[in-house]
Amino acid sequence: MLRLAPTLLIALLALPVGAGLLMVFLPAFGYLPALGGNTVSMAPWQSLVAQPGLGRSIAVSFASGLLSTLMALLVVVLFLAASRGTWLDRSIRRLVSPLLAIPHAAVAFGLAFLIAPSGLLARFFSPGLTGWERPPDWLIVNDAMGLTLMAGLMLKEVPFLLLMCLAALPQLQPEQRVMLSRSLGYAPSIAWLKTVFPALYPLIRLPIYAVIAYATSVVDMAMILGPTLPPTLSVSILTWFNDPDLNRRFMASAGAVLQLGVTLAALTTWWLGEQCVKRLSHHWLVNGTRQRGALAIAVGGRGLLGLTTLLVISAIAGLAVFSVAGFWRFPDAFPGTLTLDHWRRILPMISTPLVNTLSVGLAATLIAAVLVVAALENAARHHLPAHAGQWLLYLPLIIPQVAFLFGLVVAAESINLRPQRALVVAAHLLFVVPYLYLSLSEAYRRLDPRWLQVAHSLGASPWRAFWQVRLPLLLAPLLTACAVSLAVSIGQYLPTLLLGGGRVPTITTEAVAMASGGNRRLIAVLALLQALLPFIGFSLALLIPRLAWAKRRQMRGVA
Amino acid sequence: MTLNPTLHIQQVQITLHGETLLAIDRTIAPGEVLTVMGPSGSGKSTLLAYLAGFISPAFKAQGQVFLADTRLDTLPAEKRGLGLLFQDPLLFPHLSVGGNLRFGIPQRTANKQAQVVQALHQVGLAGYEARDPATLSGGQQARVALMRLLLSQPRAVLLDEPFSKLDMALRQEMRSLVFNQLRDAGLPALLVTHDHADADAAGGPIIELG
């Protein structure tokens, strides 16, 4: 049974992605008998190319993916280079990690409410600095160049990349490398950039590719912050798929294939950039400059990450203010009256989405946890290398969701599976499993093997040792991994919408659906709820081990 | 106590990538301690891992290990009846002192509670049953680890530099405690160490590796 776990895990990830891609490729070339497409043709591509503004959609998707990732990486790298483990650095770090748990849509709404012409920032500086008595007629959110979309993406990418770096760093022994270079006269930040970063980059390459892929094809954030006429490619594809004219499905499939191409092009561009930087930086690495730029990095690194953190926190705080705002005249920094009306109005309407969010999230997390632990336990028992086949985990993260999820719906329908809750859980698993595996595998691998050896030498069978020794010792990291996976599930928009056929509404789908409606106060309530749920998960993951091990001193330091 | 078995290590040879790491052919009588010495890298720990059943598949091993008439090297680790004592006490941090002791007692043993009380009393830790192992001193933890091993009723014992992390005064005390207990229980034991004082205290035959 245990031996089957790795195969099952890989099949669970690879089969749906493969089937989804196939069922997008076939209709992209006119073949989908269920909709009357019996011959292979280029007609879908012809109508796709004829779409107005297609070039602009592609350009925005491509550029926002690359630029936001580049900016986020820059912020993270500069911070890590500047960071010296001081009190300030550690507090910034601690503030960033929970930001990862906030879903994309909530961050997007928060940012929109912050920087819109009538948003919090404008109110704060008006009329004092700006002289505005009424909101200026500027298009900041939904701007045609996608700048706000890039900013929103960046806010979510920074915490992710930072945590990925922090997880990879210990194995490089960065302190030693920096200390050695400092003894050769290098400034600490320059020492970090020259001796740690080149070794770190290969370890975070896959997460970076996942970020690029996500950013070039994101749907929910692009619907909230992205340009509208035309929207990004991914949003256009969603619109075409939902068109009542079924013939548009063929064109949408061609669009999904095009999206795959755009993402691949972005990844290739990044890879070429990598090669260039590698070549160009070779000289810089060994040219012996030890101090130049150190001050700029020290200030810039902390400043940029601090600013990013501050933006996210103000965005969420802004949501909180909007959710209780009563009458609020424009240049006033705070609402004239506070009210709980919006909460009272919306709470009765969201019991079903709330139950759906939690039931889908908990089911996906539970299934994923059992599968991942089984696979890890199997690897540990048979001394298998933990990283074999790990790139497969990134498959659903690197292939754009829009490129295969529509195909997955078609594939499911072709074996008579109508969109339903079970399919939503299955689709969430595609994204929950990789994150759960990535967050748990390191803790599993790092557990001192002697604990299990002692247990065995005392006569405990493999299963008894697993239940009574390994699981209790890994309780804290396991719960954290489950909280991560719950947060991932809560944030899913497209899989929930598509595999549920719109009949499994969650907090996330409801919030995004309101984006065009424009009632800020109701949106703020939903977005806050969406951000709140993952926090409950993370708090429990911290609290349960503390209560369970209240009388076990050593267990409180673990994980 | 039933008649104690003898541990036979018959023409055991361990190779890594085709190169012979060590070869050993010895018999350890009940109550006897065989000391294996050698510098780090000589394969002492590999021998121990092989006997206990934890050796990594990268190593290839030939030969046979018998405890009385039972062939051990084909059994899974938990069925070999070999107790292990490491450098660190490795008391399970999520269990109490008493929980650690009970973890090792074979399942169908009568009066487990009395055994736990008696064992703690024996090493001067009476009344420590409910304590968190993390609140014990290093020497106290080492004593609990020894009693946990003995309560699991092993048929032979493997010792992996068990005194190297204790300070000088404590080391002497633990040596006599461990070796006396093993002798009283009549268990064959294999001690791996690089400290000659350990070997002297063990008082048995010595082989050098490497």
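What you see is a predicted model; the values in this text were computed from it and never measured.

Visitor: Hey, could you run me through the overall build of chain A in this one?
Guide: Looking only at helices and strands, chain A features 25 helices and zero strands. Compactness check: chain A gives a C-alpha radius of gyration of 25 Å against a globular reference of 24 Å for 559 residues, within 12% of the reference. If one aligns the C-alpha atoms of chain A with their principal axes, the spans along those axes are about 65 × 65 × 55 Å. The 559 residues of chain A split such that 53% are buried. Averaging the positions of the 39 positive and the 17 negative side-chain charges in chain A gives two centres separated by 12 Å.

Visitor: Please clarify how the sheet that holds strand S8 (residues 189-193) of chain B should be interpreted in this entry.
Guide: Paired through their backbone hydrogen bonds, the strands of a sheet run either parallel or antiparallel. Residues and elements named next belong to chain B. Reading across from one edge, S6-S7-S8-S3-S9 is the order of the five strands in this open sheet, with parallel pairing throughout. Looking along the sheet, the strands with just one partner apiece sit at the ends: strand S6 (82-85) and strand S9 (206-208). Looking at each pair of strands side by side, their axes are set apart by 20° on average, direction ignored. Packing against the sheet, helix H1 (residues 44-52) makes contact with strand S3 (33-37), S6, strand S7 (156-160) and S8, and its axis sits at approximately 150° to S7. Sheet strands in contact with helix H5 (residues 168-185) are S3, S6, S7 and S8, and its direction is about 165° off that of S7.

Visitor: What is the right way to read the packing of aromatic side chains from this model?
Guide: Two measures describe an aromatic ring pair: the distance that separates the ring centres and the angle between the ring planes. Residue and element names in this part refer to chain A. Following the criterion strictly, the structure yields 13 aromatic pairs over all chains and no others. With centroids separated by 5.1 Å and ring planes inclined at 55°, the aromatic side chains of Phe113 and Phe322 adopt a geometry described as tilted. Of the two residues, Phe113 is situated in helix H5 (residues 104-115) and Phe322 in helix H13 (residues 294-323); the sequence distance between them amounts to 209 residues. Pair check on accessibility: Phe113 and Phe322 agree, each one buried. In this structure an aromatic cluster arises from ring pairing among Phe109, Phe113 and Phe322.

Visitor: What is the right way to read the environment of Thr480 of chain A from this model?
Guide: Residue and element names in this part refer to chain A. Mapped onto the elements of the fold, Thr480 is located in helix H21 (residues 475-491). By relative accessible area, Thr480 is classed as partly exposed at 34%. Along the primary structure Thr480 and Leu440 are separated by 40 residues, whereas in three dimensions their C-alpha atoms are 8.4 Å apart. Beyond its immediate stretch of four places on either side in the chain, Thr480 contacts Phe538 and Ala541.

Visitor: Before we go on, may I ask you to explain the nonpolar core in this structure?
Guide: Here is a general trend for soluble globular proteins: nonpolar side chains tend to be buried in one another's company. Judged by nonpolar contacts, the single largest core of 212 residues is most densely connected at Trp192, Leu200, Ile208, Leu225, Leu440 and Leu499 of chain A together with Leu190 of chain B. Counting residues per element, this core draws most heavily on helix H9 (residues 188-217) of chain A, at 15 residues. Apart from residues no more than four positions distant in its own chain, Trp192 of chain A is found in contact with Val77, Leu80, Ala81, Arg84, Leu169, Val178, Phe197 and Leu200 of chain A. Counting 34 residues, the second-largest nonpolar core is a separate cluster that includes Val116, Val123, Leu125 and Met147 of chain B.

Visitor: Just to check I follow, could you spell out the packing of helix H2 (residues 97-104) of chain B against helix H4 (residues 138-151) of chain B for this structure?
Guide: Helix packing for two helices is described by the angle between their axes and how far apart those axes are. Residue and element names in this part refer to chain B. Where H2 meets H4, the axes come as close as 7 Å, and the angle between the chain directions of the two elements is 30°. Considering their axes alone, H2 and H4 lie roughly parallel with respect to each other. Note that H2 runs across H4; the crossing there is right-handed. Each of Val97, Asn100, Leu101 and Gly104 in H2 lies in contact with H4, whose residues at this interface are Val144, Met147, Arg148 and Leu151. Looking at the contact of H2 with H4, its residues break down into five nonpolar, two polar and one charged.

Visitor: Is there a simple way to explain the domain arrangement of chain A in this structure?
Guide: Interface size is commonly expressed as the accessible area that is lost once the parts come together. Residues and elements named next belong to chain A. When cut into domains, chain A gives domain 1 (1-32 + 340-558) and domain 2 (45-338). Contacts between the two partners involve 46 residues from domain 1 and, on the opposite side, 46 residues from domain 2. Roughly 3,900 Å² is buried in total at the junction of domain 1 and domain 2, and carbon and sulfur atoms are behind 76% of that figure. Put simply, domain 1 and domain 2 have zero salt bridges between them. Where domain 1 packs against domain 2, one counts five residue pairs in polar contact (both at pLDDT 80 or more). Looking at the side of domain 1 that touches domain 2, the element that brings in the most residues is helix H24 (residues 520-548), giving 12 residues. Per-class residue counts for the side of domain 1 that touches domain 2 are 38 nonpolar, five polar and three charged.

Visitor: For this particular structure, what's the right way to read a nonpolar patch on the surface?
Guide: A surface patch of nonpolar side chains, about 560 Å² in accessible area, is lined by Leu532, Ile536, Leu540, Leu543, Ile544 and Leu547 of chain A. Considering the arrangement of structural elements, one finds Leu543 of chain A in helix H24.

Visitor: Looking at this structure, I do not really get the UniProt feature "domain: ABC transporter" (unreviewed entry) in chain B. What am I missing?
Guide: UniProt feature "domain: ABC transporter" (unreviewed entry): in the numbering of this structure it lies at residues 4-209 of chain B. Helix makes up 33% of residues 4-209 of chain B and strand 26%. Its end C-alpha atoms lie 28 Å apart.

Visitor: Could you clarify how one ought to interpret the pairing of S8 of chain B in this entry?
Guide: In regular strands, side chains alternate between the two faces of the sheet. Residue and element names in this part refer to chain B. When you tally the buried positions in S8, you get five out of five residues, the bulk of the element. Side-chain alternation along S8 places Ala189, Leu191 and Thr193 on one buried face and Leu190 and Val192 on a second face that is also buried. In this sheet, S8 lies alongside S3 in parallel orientation, the contact comprising five bridges. Pairing of Met37 across the sheet is with Thr193, part of S8. In this sheet, S8 lies alongside S7 in parallel orientation, the contact comprising four bridges. When the bridges of S8 are listed, Leu158 appears paired with Leu190. The handedness of the S7 to S8 crossover, carried by H5, is right-handed.

Visitor: Would you mind showing me how to read the sheet that holds strand S2 (residues 19-28) of chain B here?
Guide: Residues and elements named next belong to chain B. Read from one edge of the open sheet, four strands run S2-S1-S4-S5, paired in antiparallel fashion. Bordering the open sheet on either side are S2 and strand S5 (70-71), each of which pairs with just one other strand. Taken together, the eight bridges between strand S1 (residues 7-16) and strand S4 (residues 59-67) define a ladder with antiparallel strand orientation. The residue of S4 that forms the bridge with Gln13 is Gln62.

Visitor: How should the interface of chain A and chain B be read in this particular structure?
Guide: Contact residues are listed per partner, giving 24 residues for chain A and 28 residues for chain B. Of the roughly 2,400 Å² buried between chain A and chain B on both sides combined, carbon and sulfur atoms contribute 65%. Among the residues of chain A in contact with chain B, Arg450, Leu458 and Arg552 of chain A are the three that bury the most area, contributing 27% of the side total. Counting across the interface, chain A meets chain B through one salt bridge. Of all the elements, helix H19 (residues 449-457) of chain A adds the most residues to the side of chain A that touches chain B, at seven residues. Looking at the side of chain A that touches chain B residue by residue, the class counts come to 11 nonpolar, eight polar and five charged.

Calculation criteria
Residues numbered from 1 in each chain as written. Chains lettered and ligands numbered in written order. Predicted model: local features only at pLDDT ≥ 70, side-chain atom pairs only at ≥ 80, totals over all residues. Heavy atoms only, no water. Helix = DSSP H or I, 4+ residues; strand = E, 2+ residues; numbered from the N terminus. Rg over C-alpha atoms; globule rule 2.2 N^0.38 Å. Buried < 20%, exposed > 50% of the residue type's maximum accessible area, 1.4 Å probe, protein only. Lys, Arg positive; Asp, Glu negative; His and termini not counted. Charge placed at Lys NZ, Arg CZ, Asp CG, Glu CD. Pairing = 2+ DSSP bridges. Axes fitted to C-alpha atoms, helices over the stretch in contact; angles between N-to-C directions. Contact = heavy atoms within 4.5 Å. Phe/Tyr/Trp six-rings, centres within 6.5 Å; stacked < 30°, edge-to-face > 60°. Core = buried A, V, L, I, M, F, W, Y, C linked by side-chain atoms within 4.5 Å. Parallel < 35°, antiparallel > 145°, perpendicular 65-115°, else oblique. Left-handed = near helix turned anticlockwise from the far one by under 90°. Nonpolar A, V, L, I, M, F, W, Y, C, P; charged D, E, K, R; others polar. Domains from an automatic or database assignment. Buried area = accessible area lost by both parts, 1.4 Å probe. Salt bridge = Lys/Arg side-chain N within 4 Å of Asp/Glu carboxyl O. Polar contact = N/O pair within 3.5 Å; in protein donor to acceptor, adjacent residues only side chain to side chain. Patch = residues over 30% accessible without salt bridge, like charges linked within 9 Å, V, L, I, M, F, W, Y side chains within 5 Å. Areas by Shrake-Rupley, 256 points an atom, 1.4 Å probe, with all protein chains shown as cover. UniProt positions renumbered as here; feature names shortened; annotations may be inferred. Right-handed = clockwise from strand over helix to strand, strands pointing away.

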